[in-house]
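Given next are the chains, with one letter for each unit.
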Amino acid sequence: MMKLFLSPTSPFARKVKVALIEKNLYPEVEEIRVDPWSSPAELIRVNPLCQVPTLVTSEGLALANSDSILAWLEHHCPRPALLPAGDPERGRSLAIAAQAQGLIQYTVDIVLERRRPTSQRSVTFVDRRMAAILRVVTALGGEWMPLPGFGIDGIGVACALGYLDLRLPEYPWREASPTLAHWFTAVASRPSLKASAPPT
Ligand SMILES: N[C@@H](CCC(=O)N[C@@H](CS)C(=O)NCC(=O)O)C(=O)O
């Protein structure tokens with residue numbers, strides 16, 4: 001039995017949950033819901049970083065960091081594959097997944113910045129992140145469109161867009177990238193995305 005520490009709103013944790021469901025492994029997973037910001041002892045015991053997601057394998061190995069967990073999963077449970085076997089698709093998938101991961105991190109950066117007292121907030125920093133988010137969303141709807149199928153690139157992009165809708169609902173990413181909006185609507189019906197959707 002594997003253990004997955006997650007919080008229902010974490011987009012990083014959602015990537016891992018979606019990948020586990022897509023690989024038909026979720027029946028073997030015990031889901032442990034925690035709030036990492038309250039520093040729960042059970043999370044710190046396995047992951048000194050005190051972050052979700054943390055996956056504890058059936059051998060007792062505690063893995064942090066969504067991309068490291070996905071890499072471990074792909075190697076240990078190769079079917080169905082979430083990463084193309086050959087180049088250039090494999091490289092493209094990793095490149096798109098990296099943009100998606102950055103998109104999530106930049107959105108989190110803005111959320112954390114907004115939680116700071118007004119006097120401590122940096123407008124310059126938020127503007128820089130906002131500008132990058134717009135560039136990434138545009139690229140993901142164009143040259144870096146997720147590959148056909150639903151691998152780690154599509155998983156990352158879907159979780160990133162879901163998180164944008166959750167945390168920055170006023171952000172007009174669909175207008176910036178109608179093609180990406182169309183793709184997002186098409187994949188939204190996947191059971192893995194439905195089962196992992198954040199509470200509204
Ligand atoms: N690079 C990590 C980021 C994980 C992360 O930042 N998780 C957040 C929740 S969305 C967290 O646990 N934050 C608590 C903290 O940073 O203290 C990943 O991809 O998994």
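Residues numbered from 1 in each chain as written. Predicted model: local features only at pLDDT ≥ 70, side-chain atom pairs only at ≥ 80, totals over all residues. Heavy atoms only, no water.

A separate point is the domain arrangement of the protein. Partitioning the protein into domains gives domain 1 (2-76) and domain 2 (89-195). Here the C-alpha centroids of domain 1 and domain 2 sit 21 Å apart. Counting residues at the interface gives 15 residues for domain 1 and 19 residues for domain 2. At the boundary of domain 1 with domain 2, total buried surface from both sides reaches about 1500 Å², with 66% on carbon and sulfur atoms. Contact with domain 2 buries area across many residues of domain 1, yet Phe 12, Arg 14 and Glu 22 alone supply 34% of it, more than any other trio. Our count for the contact surface shared by domain 1 and domain 2 stands at one salt bridge. One salt bridge in this structure joins Glu 22 and Arg 190, with 3.0 Å as the shortest N-O distance. For the side of domain 1 that touches domain 2, the secondary-structure elements that each account for two or more residues are helix H1 (11-22) and helix H3 (66-76). Tallied by class, the residues present in the side of domain 1 that touches domain 2 amount to seven nonpolar, three polar and five charged. (Domains from an automatic or database assignment. Contact = heavy atoms within 4.5 Å. Buried area = accessible area lost by both parts, 1.4 Å probe. Salt bridge = Lys/Arg side-chain N within 4 Å of Asp/Glu carboxyl O. Helix = DSSP H or I, 4+ residues; strand = E, 2+ residues; numbered from the N terminus. Nonpolar A, V, L, I, M, F, W, Y, C, P; charged D, E, K, R; others polar.)

Every residue close to the ligand is listed here: Ser 10, Phe 12, Pro 36, Trp 37, Cys 50, Gln 51, Val 52, Pro 53, Asn 65, Ser 66 and Gln 101. Contact with the protein chains covers 81% of the free accessible surface of the ligand, which is 510 Å². The cavity where the ligand resides is the largest pocket. In terms of residue class, the shell around the ligand is made up of six nonpolar, five polar and no charged. (Near = heavy atom within 4 Å. Areas by Shrake-Rupley, 256 points an atom, 1.4 Å probe, with all protein chains shown as cover. 1 Å grid on protein atoms, 1.4 Å probe; cavity = no way out; pocket = protein on both sides within 12 Å on 5 of 7 lines; lining within 4 Å. Sits in = over half its atoms within 2 Å of the grid points.)

This brings us to the packing of H1 against helix H4 (residues 89-115). It is at 10 Å that the axes of H1 and H4 come closest, and there the two elements cross at 150°. Across the interface between the two elements, Pro 11, Phe 12 and Lys 15 of H1 pack against Gln 101, Ile 104, Gln 105 and Val 108 of H4. A class-by-class count of the residues in the contact of H1 with H4 yields four nonpolar, two polar and one charged. (Axes fitted to C-alpha atoms, helices over the stretch in contact; angles between N-to-C directions.)

Attention now goes to the sheet that holds strand E2 (residues 29-33). Each strand in a sheet pairs with another by means of backbone hydrogen bonds, the pair being arranged parallel or else antiparallel. Taken in spatial order, the four strands make up an open sheet running E2-E1-E3-E4, and their pairing is mixed. Each edge of the sheet is formed by a strand with only one pairing partner; in this case those strands are E2 and strand E4 (62-64). Sheet twist, expressed as the mean angle between neighbouring strand axes with direction ignored, is 20°. Together, strand E1 (2-6), E2 and strand E3 (54-56) form the strand contacts of H1, whose direction differs from that of E1 by roughly 150°. Sheet strands in contact with H3 are E1, E3 and E4, and its direction is about 130° off that of E4. (Pairing = 2+ DSSP bridges.)

Our focus in this paragraph is the environment of Leu 166. With respect to the helices, strands and loops of the structure, Leu 166 is situated in helix H6 (residues 152-167). Each C-alpha atom, one on Leu 166 and one on Pro 84, is 30 Å from the other, the two residues being 82 residues apart in sequence. Beyond its immediate chain neighbours, meaning those up to four positions away, Leu 166 contacts Thr 9, Pro 198 and Pro 199.

What follows deals with the side chain of Lys 23. Assignment of secondary structure puts Lys 23 in the loop between H1 and E2. Ignoring any residue separated from it by four or fewer positions in sequence, one finds Lys 23 in contact with Leu 73, Glu 74, Cys 77, Pro 78, Arg 79, Pro 80, Ala 81 and Leu 82.

Below, the discussion takes up the pattern of salt bridges. A full pass over the atoms with the stated rule returns nine salt bridges. Here Arg 174 and Asp 165 are joined by a salt bridge, their closest N and O atoms 2.8 Å apart. A residue is classified by how much of its surface remains accessible, and Arg 174, at 40% relative accessible area, is partly exposed. In this structure, a network of salt bridges that share partners links the residues Lys 17, Glu 31 and Arg 33. (Buried < 20%, exposed > 50% of the residue type's maximum accessible area, 1.4 Å probe, protein only.)

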